[in-house]
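Structural overview for review
Take a look at the letters that make up each chain.
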Amino acid sequence: MSTPNTVLAPDPANRAAAVKVVARIGADQAPVSNAIEVHDPHDDTVIGYVPDLDTDQALDALTRAHSAGRAWAATTPRNRADILRRWYDLLVDNADEIALLITLEMGKTLSDARAEVTYGADFVRWYAEEATHHTGTLRDAPTGGARLLTRHAPIGLAVLITPWNFPLAMATRKIAPALAAGCSVVVKPATLTPLTTLFAAQLAVEAGVPQDLIQTVTTSDAGSFSNAVLADPRVRKVSFTGSTGVGKVLLRLAADNVLKSSMELGGNAPFVVFDDADLERAIEGAVLAKMRNGGQSCIAANRFLVQDGIADAFVEGLTERLAALNTGSGFATDVGLGPMVDHKAVRRLQGLVDDAVSRGAKLLTDGSSYAGAGSYFGATVLDQVPVDAHVVTTEIFGPIAAVQRFATQQEAITRANDTEFGLAGYVFTENLDRAFDVADNLETGIVGINQGVPSNAAAPFGGLKESGLGREGSAEGLEEYQEIRFYNLALRGTH
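What you are looking at is a predicted structure, and each value in this text was computed from that prediction instead of being measured.

1. Quick notes on the overall build of the protein
Scanning the protein for helices and strands turns up 16 helices and 20 strands. By the compact-globule yardstick of 23 Å for 495 residues, the protein fits well, its C-alpha radius of gyration being 24 Å. For the protein, the C-alpha atoms occupy an extent of roughly 80 × 60 × 40 Å along the three principal directions. For the protein, the proportion of its 495 residues judged to be buried stands at 55%. For the protein, restricting intrachain contacts to residue pairs at least 6 apart in sequence, the fraction spanning at least 24 positions comes to 73%.

2. Considerations on a negative patch on the surface
Negative charge collects at one region of the surface, where Asp278, Glu280, Glu316 and Glu320 lie side by side. Classification of Glu316 as exposed rests on a relative accessible area of 57%.

3. Some details on the sheet that holds strand β3 (residues 137–140)
Remark on secondary structure: sheet strands pair via backbone hydrogen bonds, oriented parallel or antiparallel. Reading across from one edge, β3-β4-β20 is the order of the 3 strands in this open sheet, with antiparallel pairing throughout. Each end of this open sheet is capped by a strand with a single partner; those strands are β3 and β20 (482–490). Going from strand to strand, the sheet's axes swing by 20 degrees on average, the running direction of each strand aside.

4. So, the sheet that holds strand β5 (residues 157–161)
Spatially, β7-β6-β5-β8-β9-β19 is the arrangement adopted by the 6 strands of the open sheet, whose pairing is mixed. Looking along the sheet, the strands with just one partner apiece sit at the ends: β7 (214–216) and β19 (468–469). Relative to strand β9 (residues 260–264), strand β8 (residues 235–241) is paired through 5 bridges, and the arrangement is parallel. Along β9, the bridge assignment pairs Ser239 with Ser262. Against the sheet, helix α6 (residues 169–181) contacts β5, β6 (185–188), β7, β8 and β9, and its axis sits at roughly 155 degrees relative to β8. This element, helix α9 (residues 244–256), spans β5, β8, β9 and β19 of the sheet and lies at about 180 degrees to β9.

5. Regarding the layout of surface pockets
A volume near 1,100 Å³ is recorded for the largest pocket. What lines the largest pocket is a set of 39 residues, among which Pro163, Trp164, Gly242, Ser243 and Val246 lie closest to the centre. It is α9 that contributes the most residues to the lining of the largest pocket, 5 residues altogether. The class makeup of the residues in the lining of the largest pocket is 19 nonpolar, 14 polar and 6 charged. The calculated volume of the second largest pocket comes to roughly 380 Å³. Considering the residues around the second largest pocket, the lining is formed by 22 residues, among which Asp112, Ala115, Leu288, Arg292 and Asn293 are closest to the centre. Secondary-structure elements contributing two or more residues to the lining of the second largest pocket are α5 (110–130) and α10 (279–291). Among the elements that make up the lining of the second largest pocket, the one with the highest residue count is α5 (7 residues). Looking at the lining of the second largest pocket residue by residue, the classes come out as 10 nonpolar, 7 polar and 5 charged.

6. A closer look at the pairing of β3
Here β3 runs beside strand β4 (residues 146–154); their pairing, made up of 4 bridges, is antiparallel. Looking at the pairing, Arg139 lines up with Leu148 of β4.

7. As for the pattern of salt bridges
Across all of its chains, the model carries 21 salt bridges by this definition. For the salt bridge of Lys465 with Glu443, the shortest nitrogen-to-oxygen distance reads 2.8 Å. Within this pair, whereas Lys465 is found in strand β18 (residues 464–465), its partner Glu443 is found in the loop between α15 (432–441) and β17 (446–449), the two being separated by 22 residues in sequence. You can call Glu443 partly exposed: its relative accessible area is 36%.

8. Some words on the packing of aromatic side chains
Under the defined criterion, the tally for this structure stands at 7 aromatic pairs. Their ring planes at 85 degrees and their centres at 5.6 Å tell us that Trp164 and Phe397 sit as a pair that is edge-to-face. Of this pair, Trp164 sits in the loop between β5 and α6 while Phe397 sits in the loop between α13 (390–393) and β14 (400–406), and the two are 233 residues apart along the sequence. Classification of Trp164 as buried rests on a relative accessible area of 18%. Between Phe274 and Phe406, the ring centres sit 5.4 Å apart and the planes meet at 80 degrees, which makes this aromatic pair edge-to-face. Residue Phe274 is found in the loop between β10 (269–273) and α10, and its partner Phe406 is found in strand β14; the two are separated by 132 residues along the sequence. Residue Phe274 is classed as buried on the basis of its relative accessible area, which comes to 0%. Here Phe406 falls in the buried class, since its relative accessible area comes to 1%. Each member of the aromatic cluster is reached from another via a ring pair, and the members are Phe271, Phe304, Phe314, Tyr426 and Phe428. Over the ring of Phe166 we find Lys108; its NZ or CZ atom is 4.0 Å from the centre of that ring. Across from the ring centre of Tyr481, 5.0 Å away, lies the NZ or CZ of Lys237, which sits over that ring.

9. As for the environment of Ala475
Along the chain, Ala475 turns up in helix α16 (residues 474–479). Given a relative accessible area of 18%, Ala475 falls into the buried group. Ala475 sits 348 residues away from Tyr127 along the chain, and the two C-alpha atoms are 8.5 Å apart. Among all residues touching Ala475, those that are not within four sequence positions of it are Trp126, Glu130 and His134.

10. Re α9
Compared with the 18 Å implied by 1.5 Å per residue over 13 residues, the 19 Å span of α9 between its first and last C-alpha is a close match. Of all the residues in α9, the buried ones are Thr244, Gly247, Leu250, Leu253 and Ala254. Elements that come into contact with the buried residues of α9 comprise β5, α8 (222–230), β8, β9 and β15 (421–422). Phi for Val258, located one or two positions after α9, is positive at around 50 degrees.

11. Things to note about the nonpolar core
Counting 118 residues, the largest nonpolar core has Trp87, Phe271, Phe314 and Val391 as the members making the most contacts within it. With 22 residues, the next largest nonpolar core counts Leu53, Ala58, Val229 and Leu250 among its residues.

Criteria and thresholds
- Residues numbered from 1 in each chain as written.
- Predicted model: local features only at pLDDT ≥ 70, side-chain atom pairs only at ≥ 80, totals over all residues.
- Heavy atoms only, no water.
- Helix = DSSP H or I, 4+ residues; strand = E, 2+ residues; numbered from the N terminus.
- Rg over C-alpha atoms; globule rule 2.2 N^0.38 Å.
- Buried < 20%, exposed > 50% of the residue type's maximum accessible area, 1.4 Å probe, protein only.
- Contact = heavy atoms within 4.5 Å.
- Patch = residues over 30% accessible without salt bridge, like charges linked within 9 Å, V, L, I, M, F, W, Y side chains within 5 Å.
- Areas by Shrake-Rupley, 256 points an atom, 1.4 Å probe, with all protein chains shown as cover.
- Salt bridge = Lys/Arg side-chain N within 4 Å of Asp/Glu carboxyl O.
- Lys, Arg positive; Asp, Glu negative; His and termini not counted.
- Charge placed at Lys NZ, Arg CZ, Asp CG, Glu CD.
- Pairing = 2+ DSSP bridges.
- Axes fitted to C-alpha atoms, helices over the stretch in contact; angles between N-to-C directions.
- 1 Å grid on protein atoms, 1.4 Å probe; cavity = no way out; pocket = protein on both sides within 12 Å on 5 of 7 lines; lining within 4 Å.
- Points joined across faces, edges and corners; volume = space filled by probe spheres on them.
- Nonpolar A, V, L, I, M, F, W, Y, C, P; charged D, E, K, R; others polar.
- Phe/Tyr/Trp six-rings, centres within 6.5 Å; stacked < 30°, edge-to-face > 60°.
- Lys NZ or Arg CZ within 6 Å of the ring centre and 35° of its normal.
- Expected span 1.5 Å × (residues − 1).
- Core = buried A, V, L, I, M, F, W, Y, C linked by side-chain atoms within 4.5 Å.

As structure tokens, this is what we get:
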């Protein structure tokens, strides 16, 4: 085993402040029975507890949400918008505390956590504004004699299952449009990071959301939870962010009750750099697309496809940037890369690197040098990665940059699309015609053009192929929680 590099220690004041937030939401003491421990990935210490609810308790929560949803659906769009706006204001007012909590339970750097708070709060603000917009249409029947009316009605009780990597943003991206549409929700956060969701829901109640409208269910038995709640006829919508494998299971369960389903699933994003790209711009975009949240993002750049003429300079610049990142606790000063979420993630990343090297890839920076030091894996660059390496065919979800070379535009497009996933892709070129031509031919729901972070609350987020169904964000995200009803009004005295 290699000698571990130095891991930057947490700033004691920041960590102590984060611990106070845990106490504020009442998660500092273990429940009387059936507790889930929440750990700090920096050193595996227990930082909080949440109840480990069984299926009966989950169904009780569902009943409360369903009852509260009846009254909520009858409120005016303006009333819902005002409450969502107050929730947004509270998220902003508590941004520092939320960021501290995210870093404590998930491990990302404080700078990344603060960016997530801004991003997550933006969804609440967006849907506070969007709530009053989508109310229906009125049109004449083409043959005359009638008016055709459509009404956008709340779909009903929604089950929302969120991942650990963005514990605030993935919750608000689902909860906010559901509330704006007039729906009640049962939210199941990941057991690794439940505290942020609990805090956000607490702030929502302070903002005026009815006490039972948002039910947060923490459970270690995700399978039993899904089987129970998705079989309940009161549930009309399920939204899930996570792996494609789990998403397929949920879709099978949803089929029995014909539930409207939103699935934001796995990714294998190609990051395509052409010879005519601005080199510094491409490297900066690559660092953002790869290292945001330590690479633990569904839209993280997975495969770097770089044209032959610029490849050596790009690899040199990217390696220099990633090698210079300081690794350590998210609470440390000047840290660029926090821990991975747990040791299982570290072992998986090590396996991907070992496999690539065994197949002929060149290891330029070695993240495994942090082995044994908490849940850490350093920034890693692999060059000339063969097409059959697992790091190319699977979702990495970590700070590994796998670089491949290509000669022609068509080759780049063909290789970029050679995956069952289709969530995000990136194109770097100074040629506008090429940028749109490649973007149009990429089989992805999202394309960043000379842009390393394409996500925006005002834009529809979602993928093609096995990366999912439906969209989150923008007007399309609200429609996911609505059903369109049509009324045909006959006009007297017309023919």
